[in-house]
Amino acid sequence: MNAPRTKSYFYHRLALTDPNHRWWMPLVEGLILLALIVVTTILFGIVMAFAVPGTLTGDFTALDQMDPAVFFLSFASVALMLPCALLARMVLGPRPLGLIFSVAGRIRWRWLLTCFLVAAAVYVVVNAVGIGLDLAAGGTPTPVQPVPGFWWLMASLLLVVPLQCTAEEVVFRGYLAQTVGRWLKHPAWAILLPVPLFVFGHLYDVWGLLSVGIMAVSMGIVTWRTGGLEAGIALHAVNNMSISLLAMVGLVDMNETGGAPTDLISEVILNGLYVALVFWFVRRRPAVAVTRTVVLPPPPAPPRLPAPALRPAAMAADRSGMAVYPFDPATQSYLSLPPQYGPYVVRDGQGRYVGVLDTRPAAEPAPAVASTPTYTERHDAHH
């Protein structure tokens, strides 16, 4: 018995594993997602306006990001994209729903924890080295001073920021990457095309936007290489939680939207080191699947010839091996060859193509006669 045929797909091509999925479905999914985001954002803004009246007025970009209410609103409003994306995916698929997270059809929690610890270690080491170099160059240490509302901020940091990062990864490295992968095979398209949308969703100057772009490309690469969003979620969460925690103790200013060319150096080092370590871990852990393998439907069976006992007596009596007996699979019977019919596609007793047989008068143009066919099978007859 032949082994079943299989085919493997990388993360950005997972929509193709659902036989009921169609090329236009991601477009409808995107419209549903956009509508849900608009509705939930408006409703959430109304609720927050009543919950903390007077705080969220005026230009939002001018508000203090370290105000607990503003901090919560900034991250929770983005986190709402997560249920919106899952609801949009549930409408049309692909199935199962968990394909939005990984090739395993679910979140691989152990792998997520591993990537989170790797990202945290990278950030601690790189930032510690940076601080050490700054002090060695004559810089003065910044005093650690928790900002007002520290514990409210800490609650939001632990509960809301991871959801915000997951939501952005599901939308940008999940939905958008898999939409591109539905139409374009090479992973570079799925990695790079969503980057501008992600970058321009941040209110920074050119250097800050370039830093965000480096991080977006890194998260796209590890998503493709690891077969899921876990590595990107871990990097994103550690980055946002680290910046927020440093701001909560007065070491960085979250209200600052400017940057410098030197920021790109640290961003390349951080992301490059993390990507390298993730690649190394994936090679050492075969259990982390990077593709999803599906069983393809079997090919259609070739037409079967009837048993020898059911063949016409004329065929049974013919021992020359030169006679042609076209077979009609629809009626399960052999045909005579009246001169006005033809051409016939001729196959031998094993179903192999022999040629074309035409019994029409010679005055009509006809294909070449099959060379020395044995017992044959008819596929098409033009009546």
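For the structure given in this document, a descriptive report is provided here. Note that the structure is predicted; figures quoted are calculated from it, not measured.

### Side note on the pattern of salt bridges
No. 1: All chains considered together, the criterion is met by three salt bridges.
No. 2: One salt bridge connects Arg 89 with Glu 29, and the closest N-O pair in it is separated by 2.9 Å. Note that Arg 89 is positioned in helix H3 (residues 81–92) and Glu 29 in helix H1 (residues 25–51), a separation of 60 residues in sequence. Here Arg 89 matches Glu 29 in class, with each residue buried.

### Description of the environment of Asn 271
No. 1: Mapping Asn 271 onto the fold places it in helix H11 (residues 261–284).
No. 2: On the basis of relative accessible area, Asn 271 is assigned to the buried category, the value being 1%.
No. 3: Placed 57 residues apart in sequence, Asn 271 and Ile 214 show a C-alpha to C-alpha distance of 7.6 Å.
No. 4: When near neighbours in sequence (up to four residues on either side) are disregarded, Asn 271 contacts Ile 214, Met 215, Ser 218 and Leu 235.

### A look at the environment of Phe 198
No. 1: Mapped onto the elements of the fold, Phe 198 is located in helix H8 (residues 195–199).
No. 2: Since its relative accessible area comes to 3%, Phe 198 is described here as buried.
No. 3: On a C-alpha basis, the gap between Phe 198 and Arg 173 in space is 9.5 Å, while along the polypeptide they are 25 residues apart.
No. 4: The contact partners of Phe 198, leaving out residues within four places of it in the chain, are Glu 168, Phe 172, Arg 173, Val 212, Ala 216, Met 219 and His 236.

Calculation criteria
Residues numbered from 1 in each chain as written. Predicted model: local features only at pLDDT ≥ 70, side-chain atom pairs only at ≥ 80, totals over all residues. Heavy atoms only, no water. Salt bridge = Lys/Arg side-chain N within 4 Å of Asp/Glu carboxyl O. Helix = DSSP H or I, 4+ residues; strand = E, 2+ residues; numbered from the N terminus. Buried < 20%, exposed > 50% of the residue type's maximum accessible area, 1.4 Å probe, protein only. Contact = heavy atoms within 4.5 Å.

Limitation: the analysis is restricted to geometry and does not speak to function.
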